[in-house]
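Breakdown of the fold
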Amino acid sequence: MSAPLSAAPVPQTPPRWAREVRVARAPRGLPVPGDFTVERAPLPAPGPGQLLVRTSHFLVFPGLRTLLGGETDGVPLPPLRAGDTLFGPAVGEVVAAPDGAGPRPGDTVRHLLGWRDWALVPADQCEVLGGTLPDLVAYLAQGSSAYGALTRLAPVRPGDTVLVTGAAGAVGSLAGQIARLLGAGRVLGSTGSPWKAERLTAELGYDAVVPRGQGRFADRLAEAAPDGVDVLLDTVGGEQLAAAVGAARQGARFALVGALSGQLAADRAGGSAPAAIDSYRLVVKGVSVRGYAGGDHPEVEAEWTERFGAWLRAGEIRFPHTTVGGIERAPHVLPELIAGRHFGAAIVEP
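Computed from a prediction, not measured in an experiment: that's the story for all the values here. (Residues numbered from 1 in each chain as written. Predicted model: local features only at pLDDT ≥ 70, side-chain atom pairs only at ≥ 80, totals over all residues. Heavy atoms only, no water.)

**Section: the nonpolar core**
Val-60, Ile-178, Phe-308 and Phe-319 are the most contacted members of the largest nonpolar core, which has 71 residues in total. If near-sequence neighbours (up to four positions away) are discounted, Ile-178 is found in contact with Gly-143, Ala-146, Tyr-147, Leu-150, Trp-304, Trp-311 and Ile-317. Residues Leu-163, Leu-188, Leu-232 and Ala-248 belong to the second largest nonpolar core, which totals 20 residues. (Core = buried A, V, L, I, M, F, W, Y, C linked by side-chain atoms within 4.5 Å. Buried < 20%, exposed > 50% of the residue type's maximum accessible area, 1.4 Å probe, protein only. Contact = heavy atoms within 4.5 Å.)

**Regarding helix α10 (residues 330-338)**
With respect to burial, α10 is a largely interior element, 8 of its 9 residues being buried. Among the residues making up α10, those that are buried are Ala-330, Pro-331, Val-333, Leu-334, Pro-335, Glu-336, Leu-337 and Ile-338. Turning to α10, the residues buried within the fold contact β1 (17-23), β2 (36-42), β3 (50-60), α1 (64-69), β14 (321-325) and β15 (345-349). (Helix = DSSP H or I, 4+ residues; strand = E, 2+ residues; numbered from the N terminus.)

**Looking at the sheet that holds strand β13 (residues 288-291)**
Here 6 strands make up an open sheet; going across it, the order is β10-β9-β8-β11-β12-β13 and the pairing parallel. Here the strands that pair on one side only, and so sit at the sheet edges, are β10 (208-211) and β13. Recorded for the sheet is a direction-independent mean angle of 20 degrees between the axes of neighbouring strands. Summarising the sheet, strand β9 (residues 186-191) and β10 pair through 4 bridges and their orientation is parallel. Note on β10: the bridge partner recorded for Gly-189 is Val-209. Where helix α4 (residues 194-203) meets the sheet, it contacts β9 and β10, and its direction lies at approximately 160 degrees from that of β10. (Pairing = 2+ DSSP bridges. Axes fitted to C-alpha atoms, helices over the stretch in contact; angles between N-to-C directions.)

**Some details on the side chain of Asp-234**
Position of Asp-234 among the secondary structure elements: in strand β11 (residues 229-234). Put simply, Asp-234 is tucked away with no salt bridge, and the nearest opposite charge, on Arg-212, sits 10 Å away. In terms of polar contacts, Asp-234 uses its side chain to reach the backbone amide nitrogen of Val-236, at 3.1 Å. The contact partners of Asp-234, leaving out residues within four places of it in the chain, are Thr-165, Leu-241, Ala-255, Leu-256, Val-257 and Gly-258. (Lys, Arg positive; Asp, Glu negative; His and termini not counted. Salt bridge = Lys/Arg side-chain N within 4 Å of Asp/Glu carboxyl O. Polar contact = N/O pair within 3.5 Å; in protein donor to acceptor, adjacent residues only side chain to side chain.)

**Observations regarding the packing of aromatic side chains**
A full pass over the atoms with the stated rule returns 6 aromatic pairs. Judged by centre distance (6.4 Å) and plane angle (65 degrees), the ring pair of Tyr-147 and Trp-311 falls under edge-to-face. Taken together, the residues span a long stretch of sequence, with Tyr-147 in helix α2 (residues 144-153) and Trp-311 in helix α9 (residues 300-313) at a distance of 164 residues. The two residues Tyr-147 and Trp-311 agree in class, both being buried. Look at Trp-304 and Phe-308: their rings are 4.4 Å apart centre to centre, the planes differ by 15 degrees, and that puts the pair in the stacked class. With Trp-304 and Phe-308 both in helix α9, this residue pair falls 4 residues apart, about one helical turn. Of the two residues, Trp-304 and Phe-308, both sit in the buried class. Cluster of aromatic residues (ring-pair linked, three or more members): Tyr-147, Trp-304, Phe-308 and Trp-311. Here the basic side chain of Arg-40 rests over the ring of Trp-17, its NZ or CZ set 4.3 Å away from the ring centre. (Phe/Tyr/Trp six-rings, centres within 6.5 Å; stacked < 30°, edge-to-face > 60°. Lys NZ or Arg CZ within 6 Å of the ring centre and 35° of its normal.)

**Points about the environment of Val-210**
Tracing the backbone through its elements, the reader meets Val-210 in strand β10. Through-space distance from the C-alpha of Val-210 to that of Leu-163 is 9.3 Å; in sequence the pair is 47 residues apart. The residues contacting Val-210, other than those within four sequence positions of it, are Gly-189, Ser-190, Thr-191, Phe-217, Arg-220, Leu-221 and Ala-224.

**So, unusual backbone geometry**
The backbone phi angle of Trp-115 is positive, close to 70 degrees, even though this residue is not glycine. By the secondary structure assignment, Trp-115 is in the loop between β5 (108-111) and β6 (118-122). Its relative accessible area of 1% is what places Trp-115 among the buried residues.

**Side note on the pairing of β3**
Buried residues dominate β3, accounting for 10 of its 11 residues. Bridge count between β3 and β6: 5 bridges; the pairing is antiparallel. Paired with Val-53 across the bridge in β6 is Ala-119. Inspection of the sheet shows β3 paired to strand β4 (residues 90-96) by 6 bridges, in the antiparallel sense. Bridge pairing links Phe-58 to Ala-90 in β4. Pairing of β3 with β15, which is carried by 3 bridges, proceeds in the antiparallel orientation.

**Quick notes on the pairing of β11**
Where burial is concerned, most of β11 is hidden: 6 out of the 6 residues are buried. Pairing geometry for strand β8 (residues 161-164) and β11, over 3 bridges, is parallel. Across the sheet, Val-162 pairs through a bridge with Val-231, a residue of β11. Summarising the sheet, β11 and strand β12 (residues 248-256) pair through 5 bridges and their orientation is parallel. When the bridges of β12 are listed, Asp-234 appears paired with Leu-256. Crossover handedness for the path β11 to helix α6 (residues 238-247) to β12: right-handed. (Right-handed = clockwise from strand over helix to strand, strands pointing away.)

**Notes on the pattern of salt bridges**
All chains considered together, the criterion is met by 17 salt bridges. Here Asp-117 and Arg-19 are joined by a salt bridge, their closest N and O atoms 3.1 Å apart. Of this pair, Asp-117 sits in the loop between β5 and β6 while Arg-19 sits in strand β1; the two residues are 98 residues apart in sequence, bridging distant segments of the chain. Residue class for Arg-19 comes out partly exposed when judged on its relative accessible area of 30%. Two residues, Arg-54 and Glu-93, come together in a salt bridge whose shortest N-O distance is 3.1 Å. Taken together, the residues Arg-54 in strand β3 and Glu-93 in strand β4 connect sequence positions 39 residues apart. For the residue pair Arg-54 and Glu-93, the accessibility class agrees, reading buried in each case. Among the charged side chains, a network of salt bridges with common partners joins Arg-19, Asp-117 and Glu-328.

This is the structure we're talking about:
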């Protein structure tokens, strides 16, 4: 169940301790629950310019694998070492705030100090949330990159055939719906899970699902898209990116928003994702291939939020997510996400 936009009543006296999830040891390969620990930490009164925020929900995202692996060259986030507290997008309610302008007690905010039930957050690193989205948890949706890629880098045209790799993930589960709303004629997705494939077609409007792990992916894609692909929204890379190049139609547009094939590989550290692609076909088909970075398109976030809110209120889009209750369960969620056990976004309610 999702939380309402208004938070629960604020306790009269904030606790003296917060619970937070820390790195217990550097993972050897893919992270396991034992690599993390839930610890108590003193919760001092907020200092100048700080807000005391009670966390309502925080997002578990696969990019943490890269931060834990230490291969962060080009990544605008610091690596995570043993003893560090994990972080990521979170929403919650301001309980205490300094006098003056800025967020006030009772405001709902979004910040990047998730993985703890209470957080001291610099006021200038908090975004006050209004009523644009009908549900507080929807502010943790990862649709901004998909929307930006499908409107800026690989704009969808009426009737296009769009392929979304990793279609059951936090980005992919929104990307296919966005492509349809932008005018796509046919939307295809990939996943390695039969139950996820069924949900993609039954709940999210995918026309067909290209299975991973059932023979050559290129052959299965050719069966699903015999006339080729106009747009690729790629979250995976590797074999799936190579197959999409082979299926590209003249003038196809490819937008790369992730590289999970390398990022979640047990034999890598999360900072590389090699793929062998047919560059000759890129040339003769006039295919454009671009990587999406949100920092290059600062206007997209607000535009996406407005459209997402309107689509949600009209019942034209869903926000697929799994909510896990209790911060003590949080160390299990990242390994579960990497193992493919969640559909859509993975969110913890501490």
